[in-house]
Structure formats: structure tokens, C-alpha cells
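# Topology and contacts: notes
Letter by letter, the chains look like this.
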Amino acid sequence: MNRPRKQTVKRRLSAVPGASLLRKISAGVLLTFSSLPFTHAEDAAAPAVDPATSLPAAPSWLPPVTPMPDESAPASAAPAAPAPAGDAPQTDTTPVNTSSTAPATDPSAAPAPVIPLVQPVTSTITVAEMGQTNGLTLSGGQLQSGIIFTLPADEVVTNAHLSLALKISPALIARDTTLELMLNGQPLGNLPLNQSSNGGDVYDLDIPSAMVVSNNNLSFRVHDSNTMTCEKDQSDKYWVTILPTTSIGLEGQQLNIGRNLGNFPRPFFDGLQMQESKITMGFSAAMKPGDVSAAAMVSSYLGMLSDYRSVDFPVILNDLPDQNGILFGKPGDKIGSLTLPASNGASIQIIDNPINPVYKLLLVLGNDDNELRQAAYRLISGGMPNNAERLDVTQQTIPSSKPYDAPRWIDTSRPVTLGELAGKDPDSLISNGIYHDGIQVAFRAAPDLFMWDGHNIPVRIDYRFPTENWIDEDSSRLNVSINSNFLRSLTVNKVGLVENIWRRLGGDSRQERYTLQLAPYLIYGDNQLQFYFDIKPKKDAPCSILTSDNIKSRIDPKSFIDLSGSYHFAQLPNLSYFVGASYPYSKLADFTDTLMLLPEVPSADEIHTLLNLAARAGKATGVPVNHVQVAFGLKGDERNNALFDRDILAVTTLGDTPFNQQLLADSPFSVNAGSMGVKTPTQVQRIVAWLTGDWYRQPVDADRYLSSTGAWRGFVSYRSRWSNDHVVVVATGTDDQQLLKIHNDLKSPKINANVRGDLAIITDENGIRSFSVGQQFPTGQMPWYMMVLWYASTHIVILSLIATLVSLLIGLSLFVVLRRHAAKRLGQK
């Protein structure tokens, strides 16, 4: 039987008002705005244009760009903005050598190549990357919603394309409705949702590039509101979902924004970029630990700025990046074809990339480790002077952190209001209308918070429902949860016989305050309180109120969470603390008590992983690692080295066997011939573990799993042999490729949630497996009487033996006393 040929679905949007004006603005766009066709994804694609051979012309509405100056001509001094005290901005910079010998000028030589003013760029942003990981669903009374996406400020869009993936309910298809699309308040067109839609089509739409700006709002609305909004209980029947694979493809031009330190962190990092930022770090062949320390400071700062966005720090050694990059070194060092310029002290300079002057190189320079740290600190501690290409940095004192003073961690010394946690947006604790998103209040906490069993964390919630007569107050609820764990449904009115009678008599029985008792185990390093006002309208409620945004439900900013009854106490090693909040290194947020350790000759990928971990720490605490120390290799005499009397974070691959054997000496782990194993506990160690109640170690299981696993990456942790009060965490993998995968692994909530114990192994086939291998030790502070109770509760065998021994002694003593008393009573000697 012959199969029918699959027909290509094509849609044409209805005419859009104002199309003629947009045609004038976006002259040269591939499709005119008055006829924006939706085409099925299976339609034949247009021939691709090679950006290397066909550079898109800049739109006519762009401001003129000043040509780049000739590098051989003397630079003219530009007026510099006032710099902080002691810093001297300079614009007449020392020429930067790009080769060891300057070529002679040949009059017959071909003319110099034209320096491009812009660079073609392409990108694709999915709805998932816009923050809607599950897509966007329109249903019931909520027939309109939107998504915000942003673009870097130094990119100009010349071509935009929407690939719209939909899933439509059969009941909605039968209604013959339409989906209207709008961008920044301007209509893009209407897509019919009729019988010809199968609920799984992908539609393509060319968007006028003039409509795409730095901050954009892409909105969707289902046209059938006059009938569907009155069907209050049909939200599960009529719906359309914009799938998370829906994407916007962008073609544009990277503008040359000039050499200006005042633009930092641009062009290296732009907070408007929704996709992962890749910031290349470069070092010379003569790289020293101080260079990596300075890079870790800058990486942690940029990680702090990235917040929820992802940031990655590729590393190149003795070579220049193809695009933007930050280089660290001493004056005179060579990185590829570039010789770092001379400097009398610490300095920061921005230059054109010799490979492509559209891109920039930021030079962080110092003649020694201290000057490099000073240059890095000046770069990240305050705004850079505007209209300056170079800044000479003077010596200044770098402030130190105190324990648990990370600004992104909730204060545990007093109650903290939700208004403080919500930030500067006063509307973030308000819900508009009946159909709305939940109120989210995020906060971070030190992962070692401890409370005794039976003690809870009070959370006082002051809330207010709308006072409308069409609200079904008996059915409406405020649902409260934390980290997706449901806590309680709070009613509109107080519940009770007397309260009901009083309300029916016309009295005020509204419940607008409630104190939850939150179990301590529900608090993690990264937390999110969620409030949802589930407002139920009465059956006779008018349809107009269902889509009205003039109805407000509020959480009072004075509501609070009180962690003042908790203590800082934990047992280490515990890798869940590390992946959640970089603990214990983040106890002092600037890493004053932390040593970052690399092999004696580290590879680019090992430094890459180290910088990513530093960025993760800055993101968790909101503080750059200004006092971190970096060391290369182990010499064997570190026991008397004060540098090792601290927590150690090491990065290595299993191929470096000599370094790993030194690193893992006196630990429960061993390395031989590039493979890791777990040492078999001795009989004495087993007896001690049994007596101390440590019955859940898995050394045999862990060793079997390691021996049967080929390629893997993960974390190892153990008590430091250099200082019994500190811990070592090793990020490792079987090779560099496996080591680099840790960055993406830590972006997975599933992997993060399952990292625990002191050994975590990640493979592509089996995901994450965690084991407890070595002995833990307590750290932190608690009152002495609580410490006694804690030791008694965790060492039940020893406690039982002590109780048995005491009972024996008391029993024998009583036996002797009573026997003498009986003998005396009977007249016996």
C-alpha cells in the first residue's frame, strides 16, 4: 500500500499594523514585515551564507563607527576620568611588542589588510535558556504570558529567526483558536490552532531585526478569551504549551567598542548574555603560582557577577585567544606572539587582539606575586576609570573576611525579613490576578547549620488575600513550600467553631499571620521559599474578573525566618557541603584559610577546572577569593610549611601518578598506574569504627566500583595529614577530557543532589555514585553540654559499654556493702 506523502504545513500571519514603518526601519531584512510566513521545520532551508566570505552590512540606523587607529602611529592622549586615590590612569601607553624582531618596511609590499570594524556572530537562545526549563503553558483563564530574554549590548542583530515548537491539546484544536505572538509590544502575527495542527509541529518565523534589542519580551496570547475564560474548571482540557526547545536564532555583528577599561567587565563578560559565557584566561610558558592566584581572583569575581548564569574559563598556555581574553603575567613575558609591556609596578592594560582587533585582550601585570595580586584586586574591587587604556596600580590593603560573613548567606544572628531576602524589587512579594506565578524567595545558608532534634526554625508569614465578595474564601488557600517540599496550606479565615460563628455574625475572622515550624533538615546551602495564592472564584463570579490584573495578593515584607537558634557544626569530610556552597573553603569567603594545589607542571585543563571551581565559590558567597594561595606540586617537606596548614583544594588527573601518590599518602585512597583504589581497613580500624558507631562505611564496595570503571571523574575528600583540623578535597578524573566534564556535571541538579560522603564517581553511563570510605571528624562550635549529648548519641556502642561498666561497678559495690551488712546483722564476722 502506498503511503500518502506528508504535506508540508505552511502558515501565513495576518497583516500587522505599522508594517510600512517597520519596513523603512529594517531595510534590507530578508522578509518584509507585512508578510511573515510560518513555515514547517521540514521545509527546504535557504542556502547558508558563509560569514567569513560575506560579512553582513551594518544597518543604516547604526551610529557611525570611528576607524581603528594605525598601531604604528603615536597614540593621542584621551581625557581620562578621575581614578581612585593612588591609581594613575594612562592612555599614552607603551607600545606592545608582538614579535621579537620588527620586519623592515618594504615599499613594494602589498597594502595592509583592512581592519574590520565588526565581526559576524551567530547564536541560538532556547526557551529553556530563557528560564522556562519546562516550557510555557497557556490554559484556563491564563491565556496570555511572556518570556524575557536579553542580548549582549555590543552585538547588533541583523537577522532574527523564531523556531516555535508547540504542543496543543486536542480540545483546543477543535475550538479553532489562534495564537498571537508579540515582541516588545509589537505584534508579529497570528498562528491558527485548528484541525490542521497536530500538536507537535515546529513553525518558523523570520523576525524584523530592528525589533530585537538588548532587553526583549516575547509574549503569547490565545485568542478565544470571550468563551474560554468563563470555563473556570477546564484548564486541564484547553491548553497550549510553548515547548522548551522553542528557540530564537540570531545573526549579527560584534561591534568594536574600543580600548576602554571603563567598560569592564565588558567585553569579556556581559550580564545580558543568557547563554554560558566563555572567558579565556591566558598564561605564558613561564607561568608561576602567583599568576594562577590572580586568575582565580578574577574568575571568582566574574562568577559572582554571573549569578544564576553559567560561566566557563578556558585556559591557553603560551598562545593568544582568537577572541576576547584576559592575560596574566610579568612584564617581558611572551604569550604567543605578544610580549607583555614593561611596567614599573602593578598595572592593568587593555589592547587590541593582534589576531583580530575587534576583540580585546586585558593584561593583568605585576613584577612579582604581590603586584599581580594587587593588580587583580584593583580590577575587581571597584569601577575602572573611563576612557583609559592603562591603569598603574598602587599598593593597598586587601581586607580579610571573617567566618561566615558571606553576603549571600543568610544572617544566623537575628531574624531576617523576607523583604531583605527579596532584594530591591518591592513587587516581588505581590501576586497579580487569579492566575499567576508563585512568589519565590531565594536565600543561601551556610551548609553546616546544626540544630538538635526537636528544635525547629520559626518562619512567620504575614499575608493578605484580596477582599472581594466573589472569592470562595472557604476553598482558597495560600500554599507554602520550601525547596519543592510542601509545608502547609494557610486559610483565608481562621478555622474553628467560635471563629465561624463570629464570621457569620459579621465579625472579622481573617487569618493574616501564621508561624511555621520548619524542620532543620529542610534547609540546604541553596534554598527557595515558595508561596502560591490559590484563589478560587465562586461559581457565579463574572468572567471579567478572571483576566483582571487589578487583584493583588501580598506577602508582607516584614515576614521573617529566624535561624538564630542554630549552631555551626558539621562532620567532615562531606562532599555535599562542597558542591552546594564550596564549604569548608567558603567559611572564610575570601579563601584566607584555603590552598589551591596543582601538579608541579599543571596542564591547561587542570587550571581550567581550578578557575571554574573558584568561580563557583564566588557565586556561592558573593565574595571574590582575594586571599587564596596557589601551589604547584609537593616537595615532601610540607609538614613544616605554614602554607599547608589550611584546607586544601587540589585538581589533578590520575595520570600524574607520583604527584597523586604524594597527595593521597596517609588517606583511605591509593593510586597505582593511573588508577585509583580504596585501601583495605586494618583490623584495628574496623574495631574502632564499630566502637564509634561508624557502621556505614563502604570501602569494599567503593574499591570494587573503582576497579570496574574505566573513564570517570569526580571528587575525593579526606582529613588533611598536614593539619588534623582541616580537610582536603581533590577534583580528579582519569584524563583531561574527563576532568573538564566536571563543569557541566555541577550544573546538573540531579548530580548535585547525589554527591555525598567522601568519594563521588561520575560516569557517562551510570551517572553519579557516592560512597563513605574514611572516618569523619567533627568541626564547629557548640555548647559543651550539647557536645556531650552529641558524642553520646553518635557513639552508642561506647556509651553502652560505659553504662555496662558503671552498672557493674555499682552492682559489685552494692553487693559488697550489702553482704557486710547482712553478716553484721547475723552476728557473723
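Residues numbered from 1 in each chain as written. Predicted model: local features only at pLDDT ≥ 70, side-chain atom pairs only at ≥ 80, totals over all residues. Heavy atoms only, no water.

### Quick look at the overall build of the protein
A tally of regular secondary structure across the protein gives 17 helices and 45 strands. Each of the 829 residues in the protein was classed as buried or not, and the buried ones make up 48%. With an accessible surface of roughly 40600 Å², the protein has 52% of that area assigned to carbon and sulfur atoms. (Helix = DSSP H or I, 4+ residues; strand = E, 2+ residues; numbered from the N terminus. Buried < 20%, exposed > 50% of the residue type's maximum accessible area, 1.4 Å probe, protein only. Areas by Shrake-Rupley, 256 points an atom, 1.4 Å probe, with all protein chains shown as cover.)

### Structural notes on the pattern of salt bridges
In this structure the tally under the stated criterion is 21 salt bridges. Residues Lys536 and Asp534 are paired through a salt bridge, measuring 3.6 Å at the closest nitrogen-oxygen approach. One salt-bridge network, held together by shared partners, links Arg259, Asp352, Lys360 and Glu389. (Salt bridge = Lys/Arg side-chain N within 4 Å of Asp/Glu carboxyl O.)

### Here we look at the sheet that holds strand β42 (residues 727-733)
Across the sheet, which stays open at both edges, the seven strands sit in the order β37-β36-β38-β42-β41-β43-β44 with mixed pairing between neighbours. Unpaired on one side and paired on the other, β37 (629-632) and β44 (767-771) mark the two borders of the sheet. Taken over all neighbouring pairs, the strand axes of this sheet differ in orientation by 15 degrees on average, direction set aside. Alignment of strand β36 (residues 594-598) against β37, held across four bridges, turns out to be parallel. Bridge assignment links Leu595 to a residue of β37, and that residue is Gln629. Here helix α9 (residues 604-621) sits on the sheet and contacts β36, β38 (647-653) and β42; the angle it forms with β38, its principal contact strand, is near 145 degrees. (Pairing = 2+ DSSP bridges. Axes fitted to C-alpha atoms, helices over the stretch in contact; angles between N-to-C directions. Contact = heavy atoms within 4.5 Å.)

### Describing the confidence of the model for the protein
On average, the protein scores 82 in pLDDT, and the residues at 70 or more come to 82%. Across residues 91-112 the pLDDT falls below 50, and counting only partners more than four positions away or on other chains, this stretch makes 25 contacts in the model. (pLDDT = per-residue confidence, 0-100.)

### Some details on the packing of helix α4 (residues 289-306) against α9
Closest axis-to-axis distance for the α4/α9 pair is 7 Å, and the angle between their directions is 45 degrees. Classified by the angle their axes make, α4 and α9 are oblique. Helix-helix and strand crossings are classified by hand; for α4 and α9 the assignment is right-handed. Where α4 approaches α9, its residues Val292, Ala295, Ala296, Ser299, Ser300, Gly303, Met304 and Ser306 are matched on the opposing element by Ile607, Leu610, Leu611, Ala614, Ala615, Gly618 and Lys619. Taken together, the residues of the contact of α4 with α9 sort by class into nine nonpolar, five polar and one charged. (Parallel < 35°, antiparallel > 145°, perpendicular 65-115°, else oblique. Left-handed = near helix turned anticlockwise from the far one by under 90°. Nonpolar A, V, L, I, M, F, W, Y, C, P; charged D, E, K, R; others polar.)

### So, the side chain of Gln530
Structurally, Gln530 is set in strand β32 (residues 526-534). You can call Gln530 buried: its relative accessible area is 17%. For Gln530, the side chain forms a polar contact with the side chain of Ser481, separated by 2.6 Å. At 3.5 Å, the side chain of Gln530 forms a polar contact with the backbone nitrogen of Ser484. (Polar contact = N/O pair within 3.5 Å; in protein donor to acceptor, adjacent residues only side chain to side chain.)

### What about the packing of aromatic side chains?
For any pair of aromatic rings, the description rests on two quantities: the centre-to-centre distance and the angle between the ring planes. Applying the stated criterion to the full structure yields 17 aromatic pairs. For the pair Tyr404 and Trp409, a centre-to-centre distance of 6.5 Å together with 40 degrees between the ring planes defines the contact as tilted. Arranged with centres 5.1 Å apart and planes meeting at 80 degrees, the rings of Phe569 and Trp790 form a pair that is edge-to-face. Of this pair, Phe569 sits in strand β35 (residues 567-572) while Trp790 sits in helix α16 (residues 784-794), and the two are 221 residues apart along the sequence. (Phe/Tyr/Trp six-rings, centres within 6.5 Å; stacked < 30°, edge-to-face > 60°.)

### Describing the packing of α4 against helix α5 (residues 369-381)
One can describe the packing of α4 onto α5 by two numbers: an axis separation of 8 Å at closest approach and a directional angle of 10 degrees. With respect to α5, the element α4 is oriented roughly parallel. Mapping the contact onto sequence places Gly290, Asp291, Ser293, Ala294, Met297, Val298 and Tyr301 in α4 and Asp369, Leu372, Arg373, Ala376, Tyr377, Leu379 and Ile380 in α5. Its residues assigned to classes, the contact of α4 with α5 comprises nine nonpolar, two polar and three charged.

### Things to note about the sheet that holds β35
Strands belonging to one sheet form pairs held by backbone hydrogen bonds; the direction of such a pair is parallel or antiparallel. An order of β27-β35-β45 is seen for the three strands of this open sheet, with the pairing classed as antiparallel. Both edges of this open sheet fall to β27 (449-450) and β45 (777-780), since each of them pairs with a single strand only. Two strands pair when backbone bridges link them, and β27 and β35 are joined in this way by two bridges, in the antiparallel orientation. Directly across from Phe450, in β35, lies its bridge partner Tyr567. The strands touched by α16 within the sheet are β27, β35 and β45, with β35 carrying the most contacts at an inclination of about 30 degrees.

### Looking at the pairing of strand β12 (residues 239-242)
Pairing between strand β5 (residues 136-139) and β12: four bridges, direction antiparallel. Bridge pairing in β12 links Leu136 to Ile242. As defined by bridge partners, strand β7 (residues 155-168) adjoins β12 across three bridges and the pair is classed as antiparallel. Across the sheet, the residue bridging to Lys167 is Thr241, located in β12.

### Description of helix α12 (residues 699-707)
If you check which residues of α12 are buried, you get Pro699, Ala702, Tyr705 and Leu706. Buried positions in α12, seen along its axis, are confined to an arc of 130 degrees and lie on one side of it. Facing away from the buried side of α12 by more than 90 degrees, the exposed set consists of Arg704 and Ser707. Buried residues along α12 sit against β40 (675-678), β43 (759-763) and β44. (Arc of directions from axis to C-beta.)

### So, the side chain of Thr657
Within the secondary structure, Thr657 sits in helix α10 (residues 657-663). Judged by its relative accessible area of 16%, Thr657 falls in the buried class. With residues up to four places along the chain from it excluded, the contact list for Thr657 reads Val671, Ala673 and Gly674.

### Some points on the environment of Val651
Relative to the helices and strands, Val651 resides in strand β38. Classification of Val651 as buried rests on a relative accessible area of 0%. Distance from Val651 to Gly733, taken between C-alpha atoms, is 9.1 Å for residues 82 residues apart in sequence. Filtering out sequence-adjacent residues up to four positions away, Val651 remains in contact with Leu597, Leu598, Pro599, Glu606, Thr609, Leu610, Leu613, Ala731 and Leu739.

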